[in-house]
Amino acid sequence: MNILIVDDHPLFRHALIQAVRYSLPQAQISETAAVNEFYERLENGPEPDLVLLDLNLPGASGFSALVHVRAQYPSIPIIVVSAHEEASIIQRAIAHGAMGYIPKSAHPSHIGEAIRQVLEGDIWLPPNLPAANMNFDPRAADETALAERIQSLTPQQFRVLMMVAEGLLNKQIAYELDVSEATIKAHVTAIFRKLGVQNRTQAVLAINALNIEEKKV
């Protein structure tokens, strides 16, 4: 079994590795701290059997990495591991395709329990989370519709969108991706069409809707 841990905090990555090894001593564990390296590992294969994914990754906007990976690799189960413990954020993570949600304050035994349950095809939630707190959030439908539009982007279009969200100009994106500026312009046009927006500001507002907390453009 191959488990990939994606978290930018070395100490917590180490703690996760120890928890996984305790629960699944035969598992092969790999790790990465960067969202771009995470995407590259998936693209170049082999696919992991499970991903433990932190939400607060540099270069990602909240749930954007979860949404993108769920679209491109639907067979890979993903457990979100996050310092956020609000029921609304847990609900959003599950709505975007996470199979489990482990708060970073969770007891190590819960990590093994969550992994085993998710690998059996079930959803795992924190045991202290009251079911009443998982009631339907009125904005969830709009956010799910947005996520579906973002999932229609190709991996390269998604990279371009994230760079647009970081404020990079077309020529800067072209340099970073080692392609022509005309190619980037074509990608941006396609992104606008798929997201149903008309300019860069609207595109940034769209991706920012997946942030955990509200963010101003």
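Keep in mind that this is a model prediction, so the values were computed, not measured.

In this structure, what is going on with the UniProt feature "domain: HTH luxR-type" (unreviewed entry) in the protein chain? I would like to understand it.
Those residues carrying the UniProt feature "domain: HTH luxR-type" (unreviewed entry) are residues 146-211 in this numbering. With 74% helix and 0% strand, residues 146-211 has end C-alpha atoms that lie 12 Å from one another.

Would you mind going over the UniProt feature "modified residue: 4-aspartylphosphate" (unreviewed entry) in the protein chain with me for this structure?
UniProt marks Asp54 with the feature "modified residue: 4-aspartylphosphate" (unreviewed entry), using the numbering shown here. With a relative accessible area of 3%, Asp54 lands in the buried category. Residue contacts for Asp54: discarding those within four places in its chain leaves Val6, Asp7, Asp8, His9, Val81, Ser82 and Lys104.

What is the right way to read helix H1 (residues 10-23) from this model?
Owing to its 3.6 residues per turn, the α-helix brings residues three or four apart onto one side. Along its 14 residues, H1 runs 20 Å from first to last C-alpha, staying within 8% of the 20 Å computed at 1.5 Å per residue. Along H1, the residues classified as buried are Phe12, Arg13, Leu16, Ile17, Ala19, Val20 and Ser23. Projected down its long axis, H1 shows its buried positions confined to an angular sector of 165°, all on one face. Away from its buried face by more than 90 degrees, H1 exposes Pro10, Leu11 and Tyr22.

Help me out: how do you make sense of the nonpolar core in this one?
The nonpolar side chains of a soluble globular protein tend to be buried with one another. Grouped together as the largest cluster of nonpolar side chains are 52 residues, with contacts concentrated most on Phe38, Phe63 and Ile150. Of the residues forming this core, the biggest block, six residues, is contributed by helix H7 (residues 155-165). Both domains that meet at this core, namely domain 1 (2-133) and domain 2 (138-209), each give it at least three residues. When residues no more than four places from it in sequence are discounted, the contact partners of Ile150 are Val67, Phe158, Leu195, Ile207 and Leu210. The next biggest cluster of nonpolar side chains, apart from the first, holds 20 residues, and it includes Ala19, Ala27, Leu50 and Ile102.

Help me understand the pairing of strand S2 (residues 28-32), please; the structure alone is not making it clear to me.
In the case of a regular strand, side chains alternate between the two sheet surfaces. Across five bridges, strand S1 (residues 2-6) lies against S2 in parallel orientation. Looking across to S2, one finds that Asn2 is bridged to Gln28. With respect to chirality, the unit in which S1 leads through H1 into the neighbouring parallel S2 is right-handed.

What is the right way to look at helix H2 (residues 35-44) in this model?
Among the residues of H2, those classed as buried are Val35, Phe38, Tyr39 and Leu42. Buried residues of H2, viewed axially, fall in a sector of 95°; they line one side. Against the buried residues of H2 lie S1, S2, strand S3 (50-54), helix H3 (64-72) and H7. Downstream of H2 by one or two residues, Gly45 has phi in the positive range, about 60°.

Definitions and limits used
- Residues numbered from 1 in each chain as written.
- Predicted model: local features only at pLDDT ≥ 70, side-chain atom pairs only at ≥ 80, totals over all residues.
- Heavy atoms only, no water.
- UniProt positions renumbered as here; feature names shortened; annotations may be inferred.
- Helix = DSSP H or I, 4+ residues; strand = E, 2+ residues; numbered from the N terminus.
- Buried < 20%, exposed > 50% of the residue type's maximum accessible area, 1.4 Å probe, protein only.
- Contact = heavy atoms within 4.5 Å.
- Expected span 1.5 Å × (residues − 1).
- Arc of directions from axis to C-beta.
- Core = buried A, V, L, I, M, F, W, Y, C linked by side-chain atoms within 4.5 Å.
- Domains from an automatic or database assignment.
- Pairing = 2+ DSSP bridges.
- Right-handed = clockwise from strand over helix to strand, strands pointing away.

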